[in-house]
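# Residue-level structural notes
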Amino acid sequence: MSYSLSSNFLKPVYQVTSHTTAQSSSASAGVLTTIDGTALSYTPASGATSVVYEVSFSMQKINDRYFQSFRLEYSTNGGVSYTEFNARYQRSVGPSGATGQAYRELRNFRWVLPAWSGSRDLRVVVGSYATGREAEYHGLDKWDGASAGSPTTVLTDTCLMVYSI
Amino acid sequence: MSYFNARFFHRSSVSAPARQTISTTYTELTGSKCAVRLRNSSSAVYYKYCCYWSTYVDLNDTSTEEDSLIHFKLQKSNDNFVSNIVDIDGSRHNESCDTIENNDYLFKPKTAFYIVEDFSGYTHIRLVARSYSTSQRAYLHRTFSWDGSNTDEKYFNTSLIVSELEA
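Thresholds applied
- All residue numbers refer to position in the chain's written sequence, counted from 1.
- Here chains are named by letter from A upward and ligands by number from 1 upward, in the order in which they appear as written.
- Side-chain atom pairs in this predicted model are given and counted only at pLDDT of 80 or more, local residue features only at pLDDT of at least 70, and totals for whole chains, interfaces and linings cover all residues.
- Helix numbering and strand numbering both begin at the N terminus, where a helix is a DSSP run of H or I of at least 4 residues and a strand a DSSP run of E of at least 2.
- Whether a residue is buried, exposed or partly exposed is read from the other C-beta atoms within 10 Å of its own C-beta, which are placed from the backbone; 20 or more gives buried, 12 or fewer gives exposed, and intermediate counts give partly exposed.
- Throughout, a pair of residues is in contact if the C-beta atoms placed from their backbones lie within 7 Å.
- In plain words, the nonpolar core is the set of buried Ala, Val, Leu, Ile, Met, Phe, Trp, Tyr and Cys residues that C-beta atoms within 7 Å link up.
- Only Asp, Glu, Lys and Arg are considered charged, only Ala, Val, Leu, Ile, Met, Phe, Trp, Tyr, Cys and Pro nonpolar, and every remaining residue, Gly among them, polar.
- A pair of strands is treated as paired once DSSP finds two or more bridges between them.
- Confidence scores per residue from the predictor, reported as pLDDT, run from 0 to 100.

### Focus: the overall build of chain A
- On a plain count of helices and strands, chain A comes out with zero helices and 15 strands.
- For chain A, buried positions account for 35% of its 165 residues.

### Notes on the overall build of chain B
- Regarding its fold elements, chain B presents zero helices and 14 strands.
- Reading chain B from its N end, one meets helices and strands in the order β-β-β-β-β-β-β-β-β-β-β-β-β-β.
- Referenced to the eigenvectors of the C-alpha coordinate spread, the extents of chain B come out at roughly 65 × 30 × 25 Å.
- Among the 167 residues that make up chain B, the fraction classed as buried is 43%.
- Here the analysis covers contacts within chain B between residues at least 6 apart in sequence; of these, 78% occur between residues at least 24 apart.

### Quick look at the nonpolar core
All names here are of chain B.
- Of all hydrophobic cores here, the largest spans 63 residues; its most connected members are V45, Y47, Y114, I115, V116 and V162.
- For this core, the leading source of residues is strand β5 (residues 44-55), giving seven residues.
- Every residue in contact with V116, bar those within four places of it in the chain, is listed here: A44, V45, Y47, L74 and I88.

### As for the interface of chain A and chain B
- Between chain A and chain B, the residue contacts involve 34 residues of the former and 36 residues of the latter.
- At the level of secondary structure, the elements contributing two or more residues to the side of chain A that touches chain B comprise β1 (2-5), β2 (10-17), β6 (50-61), β10 (104-114), β13 (142-143) and β15 (158-164) of chain A.
- By residue class, the composition of the side of chain A that touches chain B is 15 nonpolar, 13 polar and six charged.

### Notes on the environment of H19 of chain A
- Positionally, H19 of chain A belongs in the loop between β2 and β3 (23-24).
- Considering only alpha carbons, one finds H19 of chain A and Y129 of chain A, 110 residues apart in sequence, at a separation of 25 Å.

### As for the pairing of strand β8 (residues 93-96) of chain B
Residue and element names in this part refer to chain B.
- The alternating pattern of β8 places H93 and E95 on one face and N94 and S96 on the opposite face, and all of these are buried.
- Relative to β8, strand β6 (residues 69-77) is paired through four bridges, and the arrangement is antiparallel. Across the sheet, residue I70 finds its bridge partner in β8, namely E95.

### Looking at unusual backbone geometry
- Positive phi is not limited to glycine here, since D144 of chain A has a value of about 55 degrees.
- The residue D144 of chain A is located in the loop between β13 and β14 (146-147) in this model.
- In this model, N80 of chain B sits at a positive phi of 60 degrees, which is unusual for a non-glycine residue.
- Residue placement: N80 of chain B occurs in the loop between β6 and β7 (86-87).

### Looking at the pairing of strand β14 (residues 158-165) of chain B
All names here are of chain B.
- In terms of burial, β14 is largely enclosed, as six of its eight residues are buried.
- Two strands pair when backbone bridges link them, and strand β1 (residues 7-14) and β14 are joined in this way by six bridges, in the antiparallel orientation. Opposite R11, over in β14, you have I161 as the bridge partner.
- Relative to β14, β5 runs antiparallel, the two being bridged by seven bridges. Bridged to Y46 within β14 is S163.

### Re the environment of I115 of chain B
- By secondary structure assignment, the location of I115 of chain B is in strand β9 (residues 107-116).
- According to the C-beta neighbour criterion, I115 of chain B is buried, with 23 such atoms within 10 Å.
- Taking the C-alpha atoms as reference, I115 of chain B lies 19 Å from A6 of chain B; in sequence the two are 109 residues apart.
- When residues no more than four places from it in sequence are discounted, the contact partners of I115 of chain B are Y14, V16, C159 and M161 of chain A together with A44, Y46 and L165 of chain B.

### Digging into the confidence of the model for chain B
- With 97% of its residues at a pLDDT of 70 or more, chain B shows a mean pLDDT of 92.
- Among the scores for the predicted complex, ipTM is 0.92 and pTM is 0.94.

Printed below as a string of structure tokens:
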């Protein structure tokens, strides 16, 4: 069933980021890295009560099990400094504590945030729980039934959309 | 004077989908295909599909267990995938359980969210998947395990939203 509506999303802003290399999170605990393709400036629509930030990117293990923590941040001074929206928006992802874990996935986050006034620079940062728990983003180690090479030539775009409700 | 800007929007769900076994041939995922009619041919396409997937295992008979590794990609077409089938660059991604140790089972919903910026000249979009090898297959949409039983099969309805995004 299909519909035609006058407006599907309120003041949507979107971006697709193609990557040429994979990106790794820090191998050190407490060191946060911005995930390429997640940074975007947004001013909510007038009268909006909430803002939706939705993003997807691929991730996979590097050496062994990963344990990654994500948080959403904003800046009101042109990116000079960033503040976390709220700790309730933090997300941690990781397989079991056993060794020899090789998970892969397309990670999708959808945050519904209180609206704000003016423009904010938004981004998603990621950190590792401990050394050895880092992950690799955007690149795929295997594709079409074979190794994708090292460095890989098979990468997943980061897709991001922000809109008001 | 008033104006009506009709942007394309589609939403659908497949109720009680049959189990799909993903093996080494690319297969269209149930409920993932959509006929797209953009108002503006230069518009981008918002695509969001959700389904359930698991390792290839029946916990009532674990002799069938396989550690799953699945390749996913979006495709577009101008003839409903009869002869024109085009892979969408940048949509390729993997889903897997642990593929090092044996007997690592995984059961989870999956969301595939994309924005496709180049859709001019095309009319259909879908998500396809294949396994890495014949011994790393996966199940979609149904599980044997629920409420403490491994013989009470349950299903997860698929959902799909496709929307026009004008620049």
